[in-house]
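What follows is the residue order along each chain.
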Amino acid sequence: PAAPLGFTDEKKNSRNTYEVSRRRSAPEHLPHGGTAPTEPAPPPQEPAERARHRGGIAGAGSSFAEFFTRNFFTKRTKELKPAVQSAPGWKLFGKVPPRENLPKDSKIIQQEYEARTGRMYKPPPPSSRRKNIEFEPLSTTALILEDRPANLPAKSVEEALRHRQEYDEMVAEAKKREIKEAHKRKKIMRERFKQEENIASAMVIWVNEILPNWEGMRATRRVRELWWQGLPPSVRGKVWSLAVGNELNITPELYEIFLSRAKERWKSFSETSSENDIEDAGASVADREASLELIKLDISRTFPSLYIFQKGGPYHDLLHSVLGAYTCYRPDVGYVQGMSFIAAVLILNLEEADAFIAFANLLNKPCQLAFFRVDHSMMLKYFAAFEVFFEENLPKLFLHFKSYSLTPDIYLIDWIFTLYSKSLPLDLACRVWDVFCRDGEEFLFRTGLGILRLYEDILLQMDFIHIAQFLTKLPEDITSEKLFSCIAAIQMQNSNKKWAQVFASLMKDNKEGDKNHSPAPKS
């Protein structure tokens, strides 16, 4: 029936248009000697016109296929082989036919090769088989023992023997290297076990004998020898606190007061001050408390490999609090770069308030106070005293440094400011701190001479630039045994004068020089 006016069936119209074109072209393109395939009769309830249309469309599809096959592919195509039953392949947008040439097993390839060449593979006798598989090189070096593929010429007897010899040499080298590394690991483990046993036995002595009788035993020869061997980590913080002392009489309550003041300063800075104001205030000597904001920049660079003092780490806020409280406690000193390393080492070994007390008293020592207050005249006296013992103990290296005008301030400032905690591995730096708490500032400069002695042969071959770079960043493989053996070889005595006497004589000469250069009084 005709559709109402204005309502047309687009699907029907498009299908009728296709039907008209099919009727015009289909009779002319039937295959040779054949008829167009017919569609089975539609069910009785299907209209005749729709069935005729459907049959015509199917016939047209077959006619088009025959037309293109006849015109473009004149030769008859071969029938496709049935697909091999195997795991189907895959591509990005669907399945692909499975591969016919699947990779063959090595045994199958060997059997085919034997069948083709008529030669049987003879395995080597049991005595020549490779033993100790754990020492074989983990690479493709073993491929030189394999036969070539079937499509390549076979190896000659001479070539096979040469490859066998080369492989045996590589295996022998790998075995030697592995044995050497195994011996090295065993030696390290033995030393570690021995060190742990010594620490355990020493801890019992420190806890039960020395600490209960600290004042009476601290200066005895037995305690000093135990001290030199290194303090057990469990008592290290306690011994440091006792050795440094508390001359400033700081209490935990006083620490809380300065900590609250530091928090108030942080809050006021974050609300009112700009970055430029903070930098100007931090550079001002009159208001060193403004350097609170500068602490944040330095904390992130404190022991970066440990990831515990950086923002978000477990000790970040603790280190920030100790440094901030000290900046408010000593505004005349303020915060100086390098303090964060000293405070961090103390925090790792002491509680928060105890770490602050030890930190404030440690920086109140003459040497640390001179360096952190940047007292140039005092710093020069320390450098001059250091050079006296440098020339006494390492004359060749001293002259080598002099030839390049390499002065001690180039490398000593970083060592003294951080008490070697930045330059040495942390465990070794703690060993240096142990004896520093026992012997005082003298041991800091003795440690510097020990480092120079340890690397004397290397430094003698370097120029100015390489020496400065080397001493700024020491090798990471430095061990406590080697360093302390070199430190023990350093004699802190010059012309029967010890460190304190040499330093005192330099101070006396300086005062006399100041008097001689002072202007004469007016008449």
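Residues numbered from 1 in each chain as written. Predicted model: local features only at pLDDT ≥ 70, side-chain atom pairs only at ≥ 80, totals over all residues. Heavy atoms only, no water.

*Asks:* Run through the packing of helix H12 (residues 339-349) against helix H13 (residues 352-362), naming residues and quoting values.
*Replies:* Where H12 contacts H13, the two axes come as close as 9 Å, and the packing angle between them is 140 degrees. Considered as vectors, H12 and H13 are oriented oblique to each other. Once H12 is placed against H13, the crossing between them reads as right-handed. Touching Met339, Ile342, Ala343, Leu346 and Ile347 of H12 are Ala355, Ala358, Phe359 and Leu362, all from H13. Of the residues that constitute the contact of H12 with H13, the class distribution is nine nonpolar, no polar and no charged. (Axes fitted to C-alpha atoms, helices over the stretch in contact; angles between N-to-C directions. Helix = DSSP H or I, 4+ residues; strand = E, 2+ residues; numbered from the N terminus. Parallel < 35°, antiparallel > 145°, perpendicular 65-115°, else oblique. Left-handed = near helix turned anticlockwise from the far one by under 90°. Contact = heavy atoms within 4.5 Å. Nonpolar A, V, L, I, M, F, W, Y, C, P; charged D, E, K, R; others polar.)

*Asks:* Can you break down the environment of Gln337 residue by residue, with the values?
*Replies:* Here Gln337 is to be found in the loop between helix H11 (316-329) and H12. C-alpha of Gln337 to C-alpha of Phe417: the two residues are 80 residues apart in sequence and 8.0 Å apart in space. Not counting the four nearest positions on each side in its chain, Gln337 is found in contact with Asp298, Arg301 and Phe417.

*Asks:* Give a detailed account of the packing of aromatic side chains, specifying residues and quantitative values.
*Replies:* All told, the structure shown has 32 aromatic pairs when counted by the stated rule. Each ring, one from Phe390 and one from Phe398, has its centre 5.5 Å from the other, and the planes form 85 degrees; the classification is edge-to-face. Here the two residues Phe390 and Phe398 agree in accessibility, since each one is buried. A centroid spacing of 5.6 Å and a plane angle of 35 degrees characterise the contact between Trp415 and Tyr420, whose relative ring orientation is tilted. Residue classification places Tyr420 among the buried residues on the basis of a relative accessible area of 0%. Over the ring of Phe484 we find Arg431, and its NZ or CZ is 4.1 Å from the ring centre. (Phe/Tyr/Trp six-rings, centres within 6.5 Å; stacked < 30°, edge-to-face > 60°. Buried < 20%, exposed > 50% of the residue type's maximum accessible area, 1.4 Å probe, protein only. Lys NZ or Arg CZ within 6 Å of the ring centre and 35° of its normal.)

*Asks:* Account for unusual backbone geometry, naming residues and giving values.
*Replies:* A positive phi is found at Val374, a non-glycine position, where the angle reads about 55 degrees. Along the polypeptide, Val374 turns up in the loop between helix H14 (366-372) and helix H15 (376-393). Even without being glycine, Leu419 reaches a positive phi, approximately 55 degrees. With respect to the helices and strands, the residue Leu419 is situated in the loop between helix H17 (409-418) and helix H18 (426-439). You can call Leu419 buried: its relative accessible area is 1%.

*Asks:* Run through the UniProt feature "coiled-coil region" (unreviewed entry) in the protein, naming residues and quoting values.
*Replies:* When the UniProt feature table is mapped onto this chain numbering, "coiled-coil region" (unreviewed entry) sits at residues 157-192. From the first C-alpha to the last, residues 157-192 spans 52 Å; its make-up is 100% helix and 0% strand. (UniProt positions renumbered as here; feature names shortened; annotations may be inferred.)

*Asks:* Quick one: what's the story with the layout of surface pockets, residue by residue and with numbers?
*Replies:* By volume, the second largest pocket amounts to about 1,200 Å³. Lining the second largest pocket are 33 residues, and of these Gln195, Asp427, Arg431, Ser480 and Glu481 sit closest to its centre. Of all the secondary-structure elements, those providing two or more residues to the lining of the second largest pocket are helix H4 (157-210), helix H7 (233-244), H18 and helix H22 (480-489). Per element, the largest residue contribution to the lining of the second largest pocket is twelve residues, and it comes from H4. Considered class by class, the residues forming the lining of the second largest pocket number 13 nonpolar, eight polar and twelve charged. Residue contributions to the lining of the second largest pocket reach at least three from each of two domains, namely domain 1 (159-229) and domain 3 (371-512). (1 Å grid on protein atoms, 1.4 Å probe; cavity = no way out; pocket = protein on both sides within 12 Å on 5 of 7 lines; lining within 4 Å. Points joined across faces, edges and corners; volume = space filled by probe spheres on them. Domains from an automatic or database assignment.)

*Asks:* Tell me about H12, residues and numbers included.
*Replies:* Helical geometry note: an α-helix holds 3.6 residues per turn, so side chains three or four residues apart project in the same direction. Summarising burial for H12: nine of the eleven residues are buried, a large majority. Among all positions of H12, only Met339, Ser340, Phe341, Ile342, Ala343, Ala344, Val345, Leu346 and Ile347 are buried.

*Asks:* A description of the environment of Leu231 should follow, citing residues and the corresponding values.
*Replies:* Structurally, Leu231 is set in the loop between helix H6 (221-228) and H7. On the basis of relative accessible area, Leu231 is assigned to the buried category, the value being 3%. Not counting the four nearest positions on each side in its chain, Leu231 is found in contact with Trp206, Arg236, Val239, Trp240 and Asp434.

*Asks:* Lay out a nonpolar patch on the surface with the relevant residues and their values.
*Replies:* Among the surface-exposed residues, Met203, Val204 and Val207 lie close enough to one another that they form a single nonpolar patch of about 220 Å² accessible area. Relative to the assigned elements, Val207 resides in helix H4. Classification of Val207 by relative accessible area gives partly exposed; the value is 41%. (Patch = residues over 30% accessible without salt bridge, like charges linked within 9 Å, V, L, I, M, F, W, Y side chains within 5 Å. Areas by Shrake-Rupley, 256 points an atom, 1.4 Å probe, with all protein chains shown as cover. Salt bridge = Lys/Arg side-chain N within 4 Å of Asp/Glu carboxyl O.)

*Asks:* Explain empty space enclosed by the protein residue by residue, including any values.
*Replies:* Taken as a whole, this structure holds one cavity of 30 Å³ or more when the rule is applied. Of the voids in this model, the largest cavity is the one considered here, and its volume is about 40 Å³. Forming the boundary of the largest cavity are Glu387, Phe390, Phe398, Phe401, Lys402, Leu406, Pro408 and Tyr411. For the lining of the largest cavity, the secondary-structure elements that each account for two or more residues are H15 and helix H16 (395-403). The element best represented in the lining of the largest cavity is H16, accounting for three residues. Looking at the lining of the largest cavity, its residues break down into six nonpolar, no polar and two charged.

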